[in-house]
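Breakdown of the fold
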Amino acid sequence: MMNTLTILTLVKGLPLLALGVAAGATYPPIPADLTTPVQHRIAINSPTSVRIAWNTYKQLSQPCVQYGTSPSSLGSQSCSTSSITYPTSRTWANVVTINDLTPATTYYYKIVSTNSTVETFTSPRLPGDKTPFNISIVIDLGVYGKDGFTIEQDQSKRDLIPSIDPSLNHTTIGRLRDNIDKYDFIVHPGDIGYADDWILKAHNWLDGKDGYQAITETFFDQLAPIAARKPYMASPGNHEAACQEVPKTSGLCPSGQKNFTDFINRFGLVLPTAFSSTSPDSAAKVNANKARILANPPFWYSFEYGMAHIVMIDTETDFEDAPDQPGGSANLNGGPFGSYLRQQLDFLEADLASVDRSVTPWVVVAGHRPWYTTGSGDDCQPCKKAFEPLFYKYGVDLGVFGHVHNSQRFAPVVNDTADPAGMENPKAPMYIVAGGAGNVEGLTKVGKNVSTNRFAYDDAFSYATVNFLDEQRMQVDFINSETGAILDRSVLFKKHDQKFVVQ
């Protein structure tokens, strides 16, 4: 998220050397061996498979991954022919699927190259496995370093750009790296890298090739040590739409830097559709199959892991008055990506209707733009109109959102009214905003509070974790990215005594 007036003011004030920044952004060096894997990322593909993805500075005729359960014995190999790029990109995106994995098992893998190392991952838990697990929620996360958080400014201007130590040791990425054994995967619903904010670093804002691609490569290089080992489950935000976020100017972006192109190229063949139902109920199987047909990764999809069913949605396009699509309030001219306007909503309804709570009692839906938030002007009312009725009807337990650059937790709520049961078996979903992970735009003041808000924090960068304790208790923590201190902890209790929730 960035305030439109702020962007336009910066554009009018070009060149931006008055802000004390160098012109342009810096590309990562190209390795001598062009098959060297960079920008690693893995994703859950099915209960028994993962996808391994990486980029290279040349196209590969046959991307391959060797793997096994011992780092010294990588006896299996999986290959593909998927190595794709787009105009203005310097790299090719490669992806390989590894199937028939033993659940919840440590595997080791090596991308086939003359310059690669052995990495590791843990295979997914089967749906229905009630073992406790923890996930990290990271939203609105940008690049660190001289092309990110280095602009000096008056710190009272909280909605502009922060000045912090560019070292990764005291950042959200550093915290995730240092605690990598404490969570099973990462959920990142939108605003990934902030490459479109290269405008804050450039002389010529019409030349998108330099800054946009440089920041994209740098961000995914910074993320790679984490995303190479932990599944990185993403969905889009407004900063994925085009080469910059100045309204009504996406047509000026170079070919390949508009209409979510990098996001599609990077994640479209990596993320899943929807899992087949493991419920014995025939209607659940029909609905799950319908959801698989209607899913459209990387924009909307779902997956199951242990006792949780997780849905990723697109709050930017593909519903009535969606903000980023043609005619939307953001004027970013993106999408639509479905074959008809309601495809995403039909997917969501079929997917939620398929959930057997005796198998996966917890249902979490994650998207970018919130409809419950403090302050004013950042709540997405078209999103609320489209999605909230389905959340309530099918008993979603937790809604996860970002876009607003701070941390917030709300009581279970529907139609702006707190559920009278509070955190003890409510019918309405609990909502969080976890948009304070850190990016070049800085933090957003909490602003005017609302009656359903229970926690709001804007003093420092932060992120959230969700700990599935058992079938009836789910714990949400907000964590200070610099210190690791727990800022807020809450536990939601749900009986989950109905196999299929319709209310």
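Residues numbered from 1 in each chain as written. Predicted model: local features only at pLDDT ≥ 70, side-chain atom pairs only at ≥ 80, totals over all residues. Heavy atoms only, no water.

The subject of this paragraph is the sheet that holds strand β7 (residues 106–111). Reading across from one edge, β4-β3-β7-β8 is the order of the four strands in this open sheet, with antiparallel pairing throughout. The outermost strands of the open sheet, each flanked by one partner alone, are β4 (76–79) and β8 (118–122). Sheet twist, expressed as the mean angle between neighbouring strand axes with direction ignored, is 30°. Here four bridges tie strand β3 (residues 64–68) to β4, and the two strands are oriented antiparallel to one another. Considered in β4, the bridge of V65 is made with S78. (Pairing = 2+ DSSP bridges. Helix = DSSP H or I, 4+ residues; strand = E, 2+ residues; numbered from the N terminus. Axes fitted to C-alpha atoms, helices over the stretch in contact; angles between N-to-C directions.)

Let's shift gears to the packing of aromatic side chains. Inspection of the entire model under this criterion finds 27 aromatic pairs. With centroids separated by 5.7 Å and ring planes inclined at 15°, the aromatic side chains of Y107 and F121 adopt a geometry described as stacked. You can see Y107 sitting in strand β7 and its partner F121 sitting in strand β8, a full 14 residues away along the chain. Each of the two residues, Y107 as well as F121, counts as buried. Plain terms: the ring middles of F185 and Y305 are 5.0 Å apart, the flat faces sit at 65° to each other, and that makes the pair edge-to-face. Placement of the pair is F185 in the loop between α2 (172–178) and β11 (186–189) and Y305 in strand β14 (residues 301–305), with a sequence separation of 120 residues. On the basis of relative accessible area, F185 is assigned to the buried category, the value being 0%. With relative accessibility at 4%, the residue Y305 sits in the buried group. By the ring-pair criterion, three or more aromatic residues cluster together here, those being F219, F220, Y232, F260, F263, F267, F299 and F337. The side chain of K230 reaches across the aromatic face of Y183, ending 5.6 Å from its centre. Note that R266 overlies the ring of F220, its terminal NZ or CZ placed 4.0 Å from the centroid. (Phe/Tyr/Trp six-rings, centres within 6.5 Å; stacked < 30°, edge-to-face > 60°. Buried < 20%, exposed > 50% of the residue type's maximum accessible area, 1.4 Å probe, protein only. Lys NZ or Arg CZ within 6 Å of the ring centre and 35° of its normal.)

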